[in-house]
Amino acid sequence: MAKGKNQHVVKHQDGWAVKGAGNSKATKVTKTQTEAIKIAQEIAKNQESDTKIHGMNGQIRAGNSYGNDPCPPKDTK
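To keep things clear, this report deals only with the structure shown in the data block. All residue numbers refer to positions counted from 1 along the written sequence of the respective chain. The predicted origin of the model limits local features to residues at a pLDDT of at least 70 and limits the giving and counting of side-chain atom pairs to 80 or more, whereas totals for whole chains, interfaces and linings rest on all residues. As a convention, hydrogens and water are excluded, and side-chain values are obtained from all of the structure's heavy atoms.

**Things to note about the overall build of the protein**
Turning to step 1, where the next piece is worked out: For the purposes of this entry, the term helix denotes a DSSP run of H or I that reaches at least four residues, the term strand denotes a run of E that reaches at least two, and both are numbered from the N terminus. Looking only at helices and strands, one finds 1 helix and 5 strands in the protein.
Turning to step 2, where the next piece is worked out: Counting from the amino terminus, the protein carries its helices and strands in the arrangement β-β-β-α-β-β.
Turning to step 3, where the next piece is worked out: When the 77 residues of the protein are sorted by exposure, 29% land in the buried category.
Turning to step 4, where the next piece is worked out: Put simply, of all contacts in the protein between residues at least 6 apart along the chain, 32% involve residues at least 24 apart.
Turning to step 5, where the next piece is worked out: Counting every atom, the protein has about 5400 Å² of accessible surface; 49% of that belongs to carbon and sulfur. Note on exposure labels: buried denotes an accessible area under 20% of the residue type's maximum, exposed denotes more than 50%, and partly exposed covers the range between, all computed with a 1.4 Å probe on protein chains only. Working rule for contacts: check all heavy atoms of both residues, and any pair within 4.5 Å makes them a contact. Surface accessibility follows the Shrake-Rupley procedure with a 1.4 Å probe radius. Residue values consider only the protein chains on display as shielding.

Laid out in structure tokens, this is it:
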């Protein structure tokens, strides 16, 4: 179970925003999605939570878990 809030990367009028799950205000707004993803990953690692990356259409397109994942991946990359 995640300890902190999941971090969402979403489209914003000024670029891309990092928002904690349930928050109305952005934690950080960046010009590019790549920058926002890096920030979201750092926060998620510190909070042992997940990232949820949203596409231009608002749907989640990717994500990663940095906490105690109850269903860890079985591949050995």
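**A short note on the sheet that holds strand β2 (residues 15–20)**
Turning to step 1, where the next piece is worked out: Taking strand neighbours across the sheet as the criterion, the 5 strands line up as β3-β2-β1-β4-β5 in an open arrangement whose pairing is mixed. Among the strands making up the open sheet, the edge pair consists of β3 (28–30) and β5 (60–65). Adjacent strand axes in the sheet meet at a mean angle of 20 degrees, parallel and antiparallel pairs treated alike.
Turning to step 2, where the next piece is worked out: Lines are fitted to the C-alpha atoms to define the axes, a helix being fitted only along its stretch in contact, and any angle between axes, read from their N-to-C directions, falls within 0 to 180 degrees. Most of the contacts of helix α1 (residues 33–47) go to strand β1 (residues 7–12), to which it runs at about 160 degrees, and overall it touches β1, β2, β3, β4 (50–54) and β5. Here a strand pair is declared whenever DSSP counts at least two bridges between the two strands.

What is shown is where atoms sit, not what they do.
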